[in-house]
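Chain by chain, the residues run as shown.
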Amino acid sequence: MNKIVLITGATSGIGLACTRKFAENGDKLILTGRNEQRLNDIKKELTEKGSDVLTLAFDVRDREKATKYIQELPAEWQDIDVLVNNAGLALGLEPEYEGNLDDWKTMIDTNIMGLLTMTRLVVPGMVERNRGHIINVGSVAGDAAYAGGNVYCATKAAVKALTDGLRIDVANTAIRVTNLKPGLVETNFSNIRFKGDEERAKKLYTGIKPLTGDDIADVAVYAANAPEHVQIAEVLILATHQASGSVIVRK
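Please read all numbers here as calculations on a predicted model, not as lab measurements.

Enquirer: Explain the nonpolar core to me, please; I cannot follow it from the model alone.
Expert: As a rule of thumb, nonpolar side chains are buried together in soluble globular proteins. Residues Ile7, Phe22, Leu29, Leu31 and Val84 are the most contacted members of the largest nonpolar core, which totals 37 residues. In terms of residue count, the dominant contributor to this core is helix α8 (residues 213-224) (7 residues). Setting aside its immediate chain neighbours within four residues, phenylalanine 22 contacts Val5, Ile7, Asp27, Leu29, Val84, Ala220, Val221 and Ala224. Membership of the second largest hydrophobic core comes to 23 residues, among which are Ile30, Val60, Ile70 and Met118.

Enquirer: Would you mind going over the layout of surface pockets with me for this structure?
Expert: Rolled over the atoms, a probe as big as a water molecule pinpoints where empty space is left. Counted as a void, the largest pocket has a volume near 1100 Å³. As for the largest pocket, its lining consists of 48 residues, and the residues nearest its centre are Gly88, Leu89, Ala90, Tyr152 and Phe189. Put simply, the parts of the chain that give the lining of the largest pocket at least two residues each are α1 (13-24), β2 (28-33), α4 (101-129), α5 (150-169) and α6 (189-193). Considered class by class, the residues forming the lining of the largest pocket number 21 nonpolar, 21 polar and 6 charged. A volume near 330 Å³ is recorded for the second largest pocket. Along its surface, the second largest pocket is lined by 14 residues, and Lys3, Arg131, Gly132, Arg176 and Glu228 are the ones closest to its centre.

Enquirer: Is there a simple way to think about the packing of α1 against helix α2 (residues 36-47) in this case?
Expert: A packed helix pair is summarised by two numbers, namely the angle formed by the two axes and the spacing between the axes. Interhelical geometry of α1 versus α2 gives an angle of 25° and a closest axis separation of 11 Å. Comparing their axes, α2 and α1 come out roughly parallel. Judged by the sense of rotation from one axis to the other, the crossing of α1 with α2 is right-handed. Mapping the contact onto sequence places Leu16, Thr19, Arg20 and Ala23 in α1 and Arg38, Ile42, Glu45 and Leu46 in α2.

Criteria and cut-off values
Sequence order sets the numbering: in each chain, residues are counted from 1 along the sequence as written. Note on the predicted model: pLDDT of at least 70 is required for a residue's local features to be given, and 80 or more for side-chain atom pairs to be given and counted; whole-chain, interface and lining totals, by contrast, use all residues. The side-chain figures draw on all heavy atoms in the structure; neither hydrogens nor water molecules are used. The criterion is simple. A nonpolar core is a set of buried Ala, Val, Leu, Ile, Met, Phe, Trp, Tyr and Cys residues joined through side-chain atoms within 4.5 Å. Residue burial is assigned from relative accessible area. The probe radius is 1.4 Å, only protein chains are included, and a residue is buried under 20% of its type maximum, exposed over 50%, and partly exposed in between. The way it works is that DSSP assigns letters per residue, a run of H or I at least four long becomes a helix, a run of E at least two long becomes a strand, and they are numbered from the N terminus. Note on contacts: a residue pair qualifies if any of its non-hydrogen atoms lie within 4.5 Å across the two residues. Grid spacing is 1 Å over the protein atoms alone, the probe is 1.4 Å, and a cavity is where that probe fits but cannot get out, while a pocket is an open set with protein on both sides within 12 Å along at least five of seven lines and lining residues have an atom within 4 Å of a point. Grid points are joined across faces, edges and corners, and a volume is the space filled by probe spheres set on the points. Residue polarity is assigned by list, with Asp, Glu, Lys and Arg as charged and Ala, Val, Leu, Ile, Met, Phe, Trp, Tyr, Cys and Pro as nonpolar; anything else, Gly included, falls into the polar class. Here an angle of 0 to 180 degrees is reported between the N-to-C directions of two axes, which are lines fitted to C-alpha atoms, with helices fitted over the stretch in contact. What sets the label is the angle itself: under 35 degrees gives roughly parallel, over 145 gives roughly antiparallel, 65 to 115 gives roughly perpendicular, and the rest give oblique. Definitions for this section: a left-handed crossing has its near helix turned counterclockwise from the far helix by less than a right angle. A right-handed crossing has that turn clockwise.

Here it is as structure tokens:
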């Protein structure tokens, strides 16, 4: 059965890959992101291929806008089946005692509060309908801190705890909750982390074949389409030569 899938941070990286994979699956898509023009371009691309797409341009940190957009969804889009909480970012790799407070706030407000806001807005409808699936995009960084990761790692540890907590909270319903934990994925993630320093970003992927956004999207679509009695609770996805957040063998 085709689903209504809401994906945050849908304009690039894992979010964009999920958008295309769910579209290929025949699902209807609600796409959110900060870049309205980029959302329009993606909508045009997908609608030309026959997909049904609704775009909502807002930052998940903006609780007021998020609330307005979700509460004012057209009737035919209100019964969201899958929420993919993908919007997130890392900024900097400085030691914690030298970190940038504004960067920390951006990460916390996006990776934690943005996820919580969307969860709070969408999941009550799922509970009422007794069906739905929440897929949170966490990280291997949530399992253990790595050098310079400090606050980013803490936000992804929070994603794990919040995902586990939600799974407990909805265990009396037919709702499923999944935490995807990617390792090294080559997207614009590192360009954002290093604020446009492409040379520094490229070095992260030197000597290893990293994952792609499509690799993570494949797992998301699989989890969403598993039999109803199967809950893919947590998946750690690493490149072959990556053993953990801090152990990467480069050749």
